[in-house]
Amino acid sequence: MKILYGMQQPDEGTITVNGDQVTFSSPADAIARGIGMVHQHFMLADNLSVLENVVLGAEKLYGIGARARAKIAEISDAYGLNVRPDVLVEQLGVADRQRVEILKVLYRGAKTLILDEPTAVLVPQEVEALFDNLRELKAEGLTVIFISHKLGEVLSVADEITVIRRGTTVGTADPQHTTTKQLAELMVGSELPTPETEESTVTDIPLLKVEGLHLSQTDLDGVERIILDQINFTIHKGEVLGIAGVEGNGQSELVEAIMGIRRPDAGVISLGDRDVSHLPTRRRRESGVGYIPEDRHRHGLLLEASLWENRILGHVTERPNSRGPLLDIKGARADTERIVEAYDVRTPGIDVTAASLSGGNQQKLIVGREMSHEPQLLIAAHPTRGVDVGAQAAIWDHIREARREGLAVLLISADLDELIGLSDTLRVMYRGRLVADADPATITPEELGSAMTGAAAGRLEHPEQTEDDAR
């Protein structure tokens, strides 16, 4: 897709648009030909408003004032994107950022829209809304290339399917006459993995205790907003606590407060029997906290640094990365080799940059780095977002294995099947509060999605089956 969008040059082959053979030396060439791309990792400037991000680089189209604002409102209304032009991008959750990206390419007049893993951050109801939008776009003559590893979604929205494995087209399929099982076999050569955990490993030993966590923030217009509202929960050894919620309801801030990146206004965070509320991030890390961040590019890796240098990140003071006050380069390199082998990170070597790896291999490197320090607590924010099914299965296996050995996991994910399958306990977060509990054994993704939008609170019970239902 980077080649089709002019970001990368092919060694050979041809691209034909509307019957004309074309070559793209930059994204500007692709945009001029009506091709727009919404990347898996969004290309937005956090310190600019939505309007400024949309018009950036396209000032000649509708200017930067009233005409541009009117065009943005027109596109937003036409496709139900609900975009607010004056909000700073840094204040938006991931789902809202995605809508801005879609609007950005439509604003530039795209006739071919490339969407890379667009549903990774959406609840089922939002996915349906997006698909309605895509069908509207298609009805108006636009072409959509939809990249996803969620096979049910592909089958419901696509007119034609092409399967690529390890850089080669391995087959095409007609959605009308194809099952998810057949697609999975084309993709990975076997049935798709599932995130289920067989046996309970929950103990009665509390590991992470969060009490009365409260955080507020003053907006640019001087209005105080409550981000976290009296959050209370306990995670025990061997337990995975899953937190479900639409992006932007306080999950990121909760993780940052537990990691010490953000200082809450009130509340106590305890690790075991130790109060870590006022410890800096590094000390919390050294106390046995592993962290898989929600955005691997912004918070998990130095993309232009080598793999062995990335292995050191977050664990500078710990073996095998250091010996006393000095870095142990030899030890870090040797351990990076071990991680590459143990976690199946596909790379020509440990001296290549992190940017040269695929998203799945970058994620496996991060998981390997965090698990290598035998953490007591793992904070996993969207651990399999945007990774292929093979990497997804491997990451699930590592989490399950560590859970059996007594690891406590705080799992935050937009993949509801992953949340339900891996969690021992489920809580729903809405507008900074934990508003509902759910039993992973009985809840459905649709019921969970409904609670995430604020439609349900309290204890979520699956309705009892009647005899007629069972029949």
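Relevant structure appears above.
Just so you know, the residues in each chain are numbered from 1, in the order the chain's sequence is written. In keeping with the model being predicted, local features are shown solely for residues with a pLDDT of at least 70 and side-chain atom pairs are shown and tallied solely at 80 or more, while totals for entire chains, interfaces and linings include all residues. Side-chain figures throughout are based on the complete set of non-hydrogen atoms in the structure, without hydrogens or water.

**Q** Mind laying out the overall build of the protein, listing which residues take part and the relevant values?
**A** Secondary structure elements are defined from DSSP: runs of H or I of at least 4 residues count as helices, runs of E of at least 2 residues count as strands, and each element is numbered from the N terminus. Counting secondary structure elements, the protein contains 18 helices and 20 strands. What you see for the protein is a C-alpha radius of gyration of 23 Å, in line with the 23 Å of a compact globule of 471 residues. Here the C-alpha coordinates of the protein stretch approximately 65 × 60 × 55 Å along the principal axes. Here, residues are in contact when the closest pair of their heavy atoms is within 4.5 Å. Look at the contacts in the protein between residues 6 or more apart in sequence, and 65% of them connect residues 24 or more apart. In the structure as shown, the protein presents an accessible area of about 22,600 Å², 48% of it carried by carbon and sulfur atoms. A radius of gyration in this sense is built from C-alpha atoms; the matching globule rule multiplies 2.2 Å by the number of residues raised to 0.38. Note on areas: these come from Shrake-Rupley sampling with a 1.4 Å probe, and a residue is covered only by the protein chains present in the view.

**Q** Which residues make up the sheet that holds strand β11 (residues 266–271), and what values go with them?
**A** If you walk across this open sheet you meet the four strands as β9-β8-β11-β12, and the pairing is antiparallel. Of all the strands in the sheet, just β9 (224–236) and β12 (274–275) have a single pairing partner and so form its edges. Two elements, strand β8 (residues 206–218) and β9, share nine bridges in a ladder whose sense is antiparallel. Looking across to β9, one finds that Leu 213 is bridged to Ile 231. Axis angles are defined between N-to-C directions and span 0 to 180 degrees, where every axis is a line fitted to C-alpha atoms and, for a helix, only to the segment in contact. Packing against the sheet, helix α9 (residues 251–259) makes contact with β8, β9 and β11, and its axis sits at approximately 65° to β9. When DSSP finds two or more bridges between a pair of strands, those strands are recorded as paired.

**Q** Explain the packing of aromatic side chains residue by residue, including any values.
**A** Two rings belonging to Phe, Tyr or Trp (six-membered ring only in the last case) form a pair when the distance between their centres is within 6.5 Å. Interplanar angles under 30 degrees mark stacking, angles over 60 mark edge-to-face geometry, and anything in between is tilted. Using the criterion set out here, one finds two aromatic pairs in the structure. With a centroid separation of 5.2 Å and 65° between ring planes, the pair formed by Tyr 62 and Tyr 107 is classed as edge-to-face. Note that Tyr 62 is positioned in helix α3 (residues 59–62) and Tyr 107 in helix α5 (residues 94–107), a separation of 45 residues in sequence. Here's how the labels work: a residue is buried when its accessible area is under 20% of the maximum for its type, exposed when over 50%, partly exposed in between, all with a 1.4 Å probe on protein chains only. Classification of Tyr 62 by relative accessible area gives partly exposed; the value is 24%. A ring pair is formed by Phe 131 and Phe 146, whose centres lie 5.7 Å apart and whose planes are at 75°; its orientation type is edge-to-face.

**Q** Can you tell me about the sheet that holds strand β4 (residues 112–116), naming the residues and giving the values?
**A** Read across the open sheet, the three strands follow the order β3-β4-β5; overall the sheet is parallel. Of all the strands in the sheet, just β3 (35–38) and β5 (143–147) have a single pairing partner and so form its edges. Averaged over all neighbouring strand pairs, the angle between strand axes comes to 15°, with direction disregarded. Sheet topology note: the β3/β4 ladder contains four bridges and is parallel. Following the sheet pairing, Ile 35 is matched in β4 by Thr 112.

**Q** Describe the environment of Lys 237, and please don't skip the residues or the numbers.
**A** With respect to the helices and strands, the residue Lys 237 is situated in the loop between β9 and β10 (240–244). In this structure, the C-alpha to C-alpha distance between Lys 237 and Arg 285, residues 48 residues apart in sequence, is 17 Å. Setting aside its immediate chain neighbours within four residues, Lys 237 contacts Thr 201, Val 202, Thr 203, Ile 205, Leu 207, Gly 406, Leu 407 and Ala 408.

**Q** Can you tell me about the pairing of strand β19 (residues 433–438), naming the residues and giving the values?
**A** Bridge analysis of strand β18 (residues 425–430) against β19 gives five bridges, and the strand direction is antiparallel. Among the inter-strand pairings, Arg 427 is bridged to a residue of β19, identified as Asp 437. Here β18 folds back onto β19, and the loop between the two strands holds two residues, one of which, Arg 431, carries a positive phi near 50°.

**Q** How would you explain a nonpolar patch on the surface if you had to name every residue and give the values?
**A** Candidates for patches are residues over 30% relative accessible area with no salt bridge; among them, like charges are joined within 9 Å and nonpolar side chains (Val, Leu, Ile, Met, Phe, Trp, Tyr) within 5 Å. One side-chain nitrogen of Lys or Arg within 4 Å of one carboxyl oxygen of Asp or Glu is enough to make a salt bridge. Among the surface-exposed residues, Val 316, Leu 327 and Ile 329 lie close enough to one another that they form a single nonpolar patch of about 240 Å² accessible area. Note on placement: Val 316 falls in the loop between α12 (307–312) and β14 (322–323).

Remember, this is a structural readout, not a statement about activity or role.
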